[in-house]
Amino acid sequence: MSLRLYDTGTRSVRTFEPLEEGRVGMYVCGATPQAAPHIGHLRSGVIYDVLLRWLRASGYEVTFARNVTDVDDKIIAVSAERGVPWFAVAEGNQRTFTQGYDLLGCLPPTIEPRATGHVPEMIVLMRRLIDKGHAYAAGGDVYFDVKSWADEYGALSNQRLENMRSAGDTPNEDLKRDPRDFALWKGAKPGEPCWETPWGDGRPGWHLECSAMATRYLGPVFDIHGGGVDLIFPHHENEIAQSRAAGDGFARYWLHNGLLTVDGEKMSKSVGNVVLLPDLLGKARPVEVRYYLASAHYRSLMDYTDDALAEAVSAYQRIEGFVTRASELVGAGSPSAVPPAFASAMDDDLGVPQALATLHETVREGNSALASGDRDAVRERLAAVRAMADALGIDPLSPQWRTSGEDDLRPVVDALVKVALEQRQAARARKDYPAADAIRDSLSEAGVLVEDTPQGPRWELKRG
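Residue positions within a chain follow its written sequence, with the count starting from 1. The predicted nature of this model means local features are confined to residues of pLDDT at least 70 and side-chain atom pairs, given and counted, to a pLDDT of 80 or more, with totals for whole chains, interfaces and linings taken over all residues. Water and hydrogen atoms were dropped before computing side-chain values, which therefore reflect all heavy atoms in the structure.

Participant: Is there a simple way to explain the sheet that holds strand β7 (residues 182-187) in this structure?
Facilitator: Sheet strands pair by backbone hydrogen bonding; their relative direction is either parallel or antiparallel. For two strands to count as paired, DSSP must find a minimum of two bridges between them. In this description a helix means any DSSP run of H or I spanning at least four residues, a strand means any run of E spanning at least two, and both kinds are numbered starting from the N terminus. Spatial ordering of the open sheet is given by β5-β6-β7-β8, a layout of 4 strands whose pairing is antiparallel. In this open sheet, the two strands that pair with only one neighbour each are β5 (135-138) and β8 (202-204). The sheet shows a mean angle of 20 degrees between the axes of neighbouring strands, taken without regard to direction. Where strand β6 (residues 141-144) lies against β7, 3 bridges are found, and the strand directions are antiparallel. By the bridge assignment for β7, F144 is matched with F182. We call two residues in contact when some of their heavy atoms are within 4.5 Å. Interaxial angle, 0 to 180 degrees, is taken between N-to-C directions of lines fitted to C-alpha atoms, where a helix line uses only the stretch in contact. Together, β5, β6, β7 and β8 form the strand contacts of helix α4 (residues 119-131), whose direction differs from that of β7 by roughly 125 degrees.

Participant: In this structure, what is going on with the pairing of strand β9 (residues 221-228)? I would like to understand it.
Facilitator: Two faces, one strand: in a regular strand the side chains alternate between the faces of the sheet. The buried count for β9 comes to 7 of 8 residues, which makes it a mostly enclosed element. Looking down the strands as they point away from you, a crossover is right-handed if its path from the first strand over the helix to the second goes clockwise. With helix α6 (residues 232-245) bridging β9 and the parallel strand β10 (residues 250-257), this β-α-β connection has right-handed handedness. The buried label goes to any residue with under 20% of its type's maximum accessible area, the exposed label to any with over 50%, and the partly exposed label to all in between, with areas taken from a 1.4 Å probe on protein chains only.

Participant: Whenever I open this one, helix α8 (residues 286-295) confuses me. Can you help?
Facilitator: Along an α-helix, residues three or four positions apart point the same way, because every turn accommodates 3.6 residues. The buried count for α8 comes to 8 of 10 residues, which makes it a mostly enclosed element. For α8, every residue scored as buried is listed here: V287, E288, V289, R290, Y291, Y292, L293 and A294.

Participant: Looking at this model, I keep getting lost on the pairing of strand β4 (residues 61-66). Mind explaining?
Facilitator: Sheet topology note: the strand β3 (residues 23-28)/β4 ladder contains 6 bridges and is parallel. Looking at the pairing, M26 lines up with F64 of β4. Read as a crossover between parallel neighbours, the route from β3 over helix α1 (residues 39-57) to β4 is right-handed.

Participant: Could you clarify how one ought to interpret the pattern of salt bridges in this entry?
Facilitator: Close approach of charged atoms lets side chains of opposite charge pair. The salt bridge definition used is simple: a Lys or Arg side-chain nitrogen within 4 Å of an Asp or Glu carboxyl oxygen. A full pass over the atoms with the stated rule returns 30 salt bridges. Residue E91 pairs with R95 through a salt bridge whose shortest N-O separation is 3.4 Å. Placement of both E91 and R95 in helix α3 (residues 86-103) is noted, with a separation of 4 residues, approximately one turn of the helix. Its salt-bridge partner being E380, residue R381 comes within 3.6 Å of it at the nearest N-O pair. E380 sits in the exposed class, given a relative accessible area of 52%.

Participant: Would you mind going over the confidence of the model for the protein chain with me for this structure?
Facilitator: Close inspection of predicted coordinates is inappropriate for parts of the model with low pLDDT. Across the protein chain, pLDDT averages 92, with 94% of residues at or above 70. Within a predicted model, pLDDT stands for the predictor's per-residue confidence, ranging from 0 to 100. Note that residues 404-408 has pLDDT below 50 and, in this model, 3 contacts with residues that lie over four places away or in other chains.

Participant: Got a minute to help me understand the sheet that holds strand β12 (residues 265-266) in this structure?
Facilitator: A sheet is described by the order of its strands in space; here 3 strands give the open sequence β12-β11-β13, paired in mixed fashion. Whereas interior strands pair on both sides, the edge strands pair on one side only; in this sheet they are β12 and β13 (302-304). Looking at chain direction, strand β11 (residues 260-262) and β12 are connected through 2 bridges and run antiparallel. Among the inter-strand pairings, V262 is bridged to a residue of β12, identified as E265. Relative to β13, α8 is tilted by about 145 degrees, and along the sheet it contacts β11 and β13.

Participant: What am I meant to see in the packing of aromatic side chains here?
Facilitator: Pairs of aromatic rings are described using the distance from one ring centre to the other and the angle between the two planes. In this analysis, rings of Phe, Tyr and Trp, with Trp reduced to its six-membered ring, are considered paired at centre separations within 6.5 Å, and the interplanar angle assigns stacked below 30 degrees, edge-to-face beyond 60, and tilted for intermediate values. Under the defined criterion, the tally for this structure stands at 12 aromatic pairs. Consider the rings of W54 and F342, whose centres lie 6.0 Å apart with planes at 70 degrees: the pair is edge-to-face. Remark: F342 occurs in helix α10 (residues 340-347) and W54 occurs in helix α1; sequence separation between them is 288 residues. In this pair, the class of W54 matches that of F342, namely buried. Taking 5.9 Å as the distance between ring centres and 80 degrees as the angle between the ring planes, the aromatic pair formed by Y292 and Y304 counts as edge-to-face. One end of the pair, Y292, is in helix α8; the other, Y304, is in strand β13, and 12 residues separate them in sequence. Classification of Y304 as buried rests on a relative accessible area of 4%. Put simply, the rings of F16, Y60 and Y253 pair up and form one aromatic cluster. The cationic tip of R14 hangs over the ring face of Y253; the distance from NZ or CZ to the ring centre is 4.1 Å. Distance and angle both matter: a charge sits over a ring if NZ of Lys or CZ of Arg is within 6 Å of the ring centre and within 35 degrees of the ring normal.

Next comes the structure, spelled out in structure tokens:
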């Protein structure tokens, strides 16, 4: 089964056929770092990381560009409010975004272009649009003439031009030929960052930035453009208009992930329900947070609750528990090919929920094999589980998840627990069961869980 993706542009699930065989160009709208990332930003990061991993697992060489909008109205507003330079606001928050992506196991993009580094490309794009009659300069600003592209404008968001209101993206609304025209360039204002252009000093408009950066690294036509569903209009609609009006084919497939609410409400500072990564890491390990954020279908609305996170933690620990026990019995081995049912689910518009169902069914089969002592079956299920988990970025034996401060103490703890378990086994051998139970209870109070198996007692540290 070949990969099929829901394309927002056609509002249908389409078979994915890349522009160039074996290669994929993918652009995802990244951070506007006016603040630290919240759980919604992180969900988007994990979703497109899963897509990246699956494309690579399917044999594609992927060039992945994820931009940083490091100059923007909101960043400038935060700068003025805090009395710090605008670039310090953007840089500090971008570092936090990067740390969050790294903590959750997101692979780095091939290129992470910043808007401020691509003003020359933006100037070229504006010149092309002006020369073709699709943009005009007015009072130091440059605007896209929406009526000049009226036959196609609104196709992505399924809207009609006559039903749209003013773009409202500049205080100089009276300079526009039409209130629906949007700003490509904003004239310089006192205290704001600015760059020199043929039409006057100023700074780029949000929409212009992405078109310039995407085509700079992926070419005038590329395969996939992703982002949150909240970006469909006006951001992605405007990207399409300015890029295609300039003569670029631009993105061939448009993917949009669903939003994330908290206890049924949209996240808002005024409501006080913004959930940040440190809030989650007080309740779950990074890999468990990743499992949670990846577990729902990428296009679905996801509602965060503490109970939902706790359920995800338990589900992941069932996978981890099997992998740990199985690798102790037969060795870690190497991931095999993913089962056909898993591949079919992932190829069906990234059906992660169905893929996880296959993974958990394989874990159940593996646990049955452990109970019966069937080493061959254990080895086979372990390889399959690790392959599926690796495709989702949650393999418990991955160095990403095994490297932590507690690993340094593992040999010491292992030696101490071994002594306690030997004492417990000796107590059981002489049928002193109260003493054996007391040793087990003491270990439990210390955070060490003991499990009696046909191969003898094994232990692990309590999670969470």
